[in-house]
Amino acid sequence: MDTNLTELELKVLYEISKFIGQALDLDQALEAVLAILSDSLAMQRGTVTLKDPETGHLRICASHGLTSEERQRGVYRLDEGVTGLIFRTAQPFVVPDVSKEPLFLNKTKSRQIDKGQISFIGVPIVLHGSPIGVLSVDRLYGEDISFEEDIRFLSIVATLIAQFVSLNLQVRAREEHLRNENLSLRVE
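Because the structure is predicted, anything quoted here is derived from the model rather than measured.

A. Structural detail: the layout of surface pockets. Roughly 390 Å³ of volume is contained in the largest pocket. Contributing to the lining of the largest pocket are 15 residues, with Leu26, Leu50, Lys51, Pro53 and Leu169 lying nearest its centre. In terms of residue count, the dominant contributor to the lining of the largest pocket is helix 5 (residues 147-187) (four residues).

Structure follows, in structure tokens:
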């Protein structure tokens, strides 16, 4: 397997890196990343699913190629479907043909599973050694596309997404700390 990034992959990573400064608006930055994957690498119906701290469920927080209704249906328990499996095991998972995989739930109802072979690739988003979510895309597969190469590249993108999330969390924590300090100063 060729472990070098292609020129196109390098260009995509460069385009994604431009959005790091916009991590304060996390959903918008992540949707921009998914749009780049779709437009540049033909990775359709991209989603970033993150664990909701309140419910403990995995919820689609950013998507490209889904309607708002389809996106709202994208909520998974940690023991549910392919997305839950990827999160629990913190391992990539490929479904070569979603119509033949019982674990593939199509909860968003965004795919016409009987219309051609759709492949699904998901990789964990890991921060500080623990999974925080799942990055997934659909592919229409041809002979010249390699699952291994896609997993490798998407794992790099997932690492960047983890940094977007980390920056966002750090800024929120700092803002909360400043708010609390401000309140205590007012009380004094």
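Don't stop here, the text continues.
B. Structural view of the packing of helix 1 (residues 7-17) against helix 2 (residues 26-41). Helix 2 packs onto helix 1 with a crossing angle of 155° between their chain directions and a minimal axis gap of 10 Å. Taken together, the axes of helix 1 and helix 2 are roughly antiparallel relative to one another. Here helix 1 and helix 2 pass one another in a crossing that is right-handed. Contact residues: helix 1 offers Leu8, Val12, Glu15 and Ile16, while helix 2 offers Val33, Ile36, Leu37, Ser40 and Leu41. Looking at the contact of helix 1 with helix 2, its residues break down into seven nonpolar, one polar and one charged.

The rules behind each value
- Residues numbered from 1 in each chain as written.
- Predicted model: local features only at pLDDT ≥ 70, side-chain atom pairs only at ≥ 80, totals over all residues.
- Heavy atoms only, no water.
- 1 Å grid on protein atoms, 1.4 Å probe; cavity = no way out; pocket = protein on both sides within 12 Å on 5 of 7 lines; lining within 4 Å.
- Points joined across faces, edges and corners; volume = space filled by probe spheres on them.
- Helix = DSSP H or I, 4+ residues; strand = E, 2+ residues; numbered from the N terminus.
- Axes fitted to C-alpha atoms, helices over the stretch in contact; angles between N-to-C directions.
- Parallel < 35°, antiparallel > 145°, perpendicular 65-115°, else oblique.
- Left-handed = near helix turned anticlockwise from the far one by under 90°.
- Contact = heavy atoms within 4.5 Å.
- Nonpolar A, V, L, I, M, F, W, Y, C, P; charged D, E, K, R; others polar.

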